Amino acid sequence: MNPKLNTRIYIAGHRGMVGSAIWRALEAKGYSNLIGTSSSELDLRNQAAVHDFFTNEKPEVVIDAAARVGGILANASFPYQFLMENMQIQNNLIDEALKLDVQKFIFLGSSCIYPKLAPQPLKEDYLLTGPLEPTNEWYAVAKITGVKTCEAIRKQFGKDFSSLMPTNLYGPFDNFDLNTSHVLPAMIRKLHEAKQSTVDGQQSTVTLWGTGSPMREFLFVEDLAEAVIFALENNLGDNLYNVGTGEDLSIKDLALLIQKIVGHTGEIIWDSSKPDGTPRKLMDVSKMTQAGWKAKTGLEEGIRKTYAWFLKNQENFKEVKI
Ligand SMILES: NC(=O)c1ccc[n+]([C@@H]2O[C@H](COP(=O)([O-])OP(=O)(O)OC[C@H]3O[C@@H](n4cnc5c(N)ncnc54)[C@H](OP(=O)(O)O)[C@@H]3O)[C@@H](O)[C@H]2O)c1
Ligand SMILES: C[C@@H]1O[C@H](OP(=O)(O)OP(=O)(O)OC[C@H]2O[C@@H](n3cnc4c(=O)[nH]c(N)nc43)[C@H](O)[C@@H]2O)[C@@H](O)[C@H](O)[C@@H]1O
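In this text the structure is predicted, and so the values were computed from the model without any measurement.

Caption draft 1: Structural context of the UniProt feature "binding site: substrate" (unreviewed entry) in the protein. The feature "binding site: substrate" (unreviewed entry), as annotated in UniProt, sits at Lys-190, Trp-209, Arg-216 and Asp-276 in this numbering. Look at Arg-216 and you get buried, because its relative accessible area is 8%. The residues contacting Arg-216, other than those within four sequence positions of it, are Asn-168, Asp-248, Leu-249, Ile-251, Asp-276, Gly-277, Thr-278, Pro-279, Arg-280 and Lys-281. At 3.3 Å, the side chain of Arg-216 and the backbone oxygen of Asp-276 are in polar contact. Secondary-structure assignment places Asp-276 in the loop between strand S14 (268–271) and helix H9 (286–291). If near-sequence neighbours (up to four positions away) are discounted, Asp-276 is found in contact with Ile-72, Gly-210, Thr-211, Gly-212, Ser-213, Pro-214 and Arg-216. Side chain to side chain, Asp-276 and Thr-211 meet in a polar contact 2.7 Å long.

Caption draft 2: Up close: the pairing of strand S3 (residues 61–64). Side chains Val-61 and Ile-63 project from S3 onto one buried face, and the interleaved Val-62 and Asp-64 project onto a second face that is buried too. Inspection of the sheet shows strand S1 (residues 9–12) paired to S3 by 4 bridges, in the parallel sense. Bridged to Ile-11 within S3 is Ile-63. Pairing between S3 and strand S4 (residues 104–108): 4 bridges, direction parallel. Paired with Val-62 across the two strands is Phe-105, which belongs to S4.

Rules of the game
- Residues numbered from 1 in each chain as written.
- Chains lettered and ligands numbered in written order.
- Predicted model: local features only at pLDDT ≥ 70, side-chain atom pairs only at ≥ 80, totals over all residues.
- Heavy atoms only, no water.
- UniProt positions renumbered as here; feature names shortened; annotations may be inferred.
- Buried < 20%, exposed > 50% of the residue type's maximum accessible area, 1.4 Å probe, protein only.
- Contact = heavy atoms within 4.5 Å.
- Polar contact = N/O pair within 3.5 Å; in protein donor to acceptor, adjacent residues only side chain to side chain.
- Helix = DSSP H or I, 4+ residues; strand = E, 2+ residues; numbered from the N terminus.
- Pairing = 2+ DSSP bridges.

In structure tokens, the structure reads:
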């Protein structure tokens, strides 16, 4: 389909980091008929409520950025919720979208769908070729189910349902709760707070998780929002596309970069009782590049923007339990 500026676009999860970035980017491009509801207004795990919502709102396009999301520890600690809630949310959205003849559905998954020890960089074809990383296999299984459900609809009904697999994301409106966050916002918060708490003129020590040796790729969330709009406005023609920068670095090097940006001069300790997770998950982004989309924001530039956002908004995190 070719969306018009008044096409009715429902962004599920529009208050989250990803959904809100997509909303802002669509608004900036002039899309005027955006639909969003918070989880307190509409619990997407509730099938009947989702049915009523679709019947009333009649979206023409659905972008699914709603999910139970968290970093390595949250994933490993709540396997049932990460599996069940994600399947409930996506099943309700996809099934109602199919029944009510939504013209385009974009499902967002994650790079953890690929096997733990798959060759690098990860090509879309490597899906279901080996065992998953145990810390997040529950979330990964839910996301694989979402990819396959969209693929089944595409195959059986010829409808434009497709999946984008973003690498690890970061940016404004990220989650800075140290128990549930991903590594990049956790490092910004830990290093910033340690910089501010000096003891005898020395900045405090920061404890990070694992060995620091895993490799990760990071994409600025506003670049992902551009990729989603690219997929919305172009008929990509296939079911599954990786979205990333195609570059990675070690967790240790990420810590050194954030330390420099934040201005922390204290010591960093690595707590190897915490899991490392998958050793590497670098995306092969050639399919998206060939389609015509490429990430724009360099890692240092993106972290500087995110840190600036954190400094402006950190009062909101004060009540979060560490
Ligand atoms: N963050 C990453 O590093 C990353 C990496 C790859 C892929 N992704 C994917 O990107 C998508 C969005 O992630 P995010 O980082 O933006 O997460 P987020 O900030 O936690 O946002 C998740 C959104 O989902 C909504 N939601 C959760 N449970 C819901 C429910 N039961 N009913 C209704 N809404 C519900 C929340 O709504 P309320 O705010 O109203 O509660 C929230 O707006 C997910 O599909 C995720 O897998 C994220
Ligand atoms: C994108 C998401 O990635 C998630 O995997 P994954 O990259 O390991 O998740 P992260 O939580 O970002 O952790 C990445 C790496 O950073 C290390 N790390 C170091 N210090 C910290 C810290 O203070 N907090 C956190 N959170 N990590 C830290 C962590 O041990 C791991 O090796 C998956 O669990 C999800 O399913 C999803 O796919």
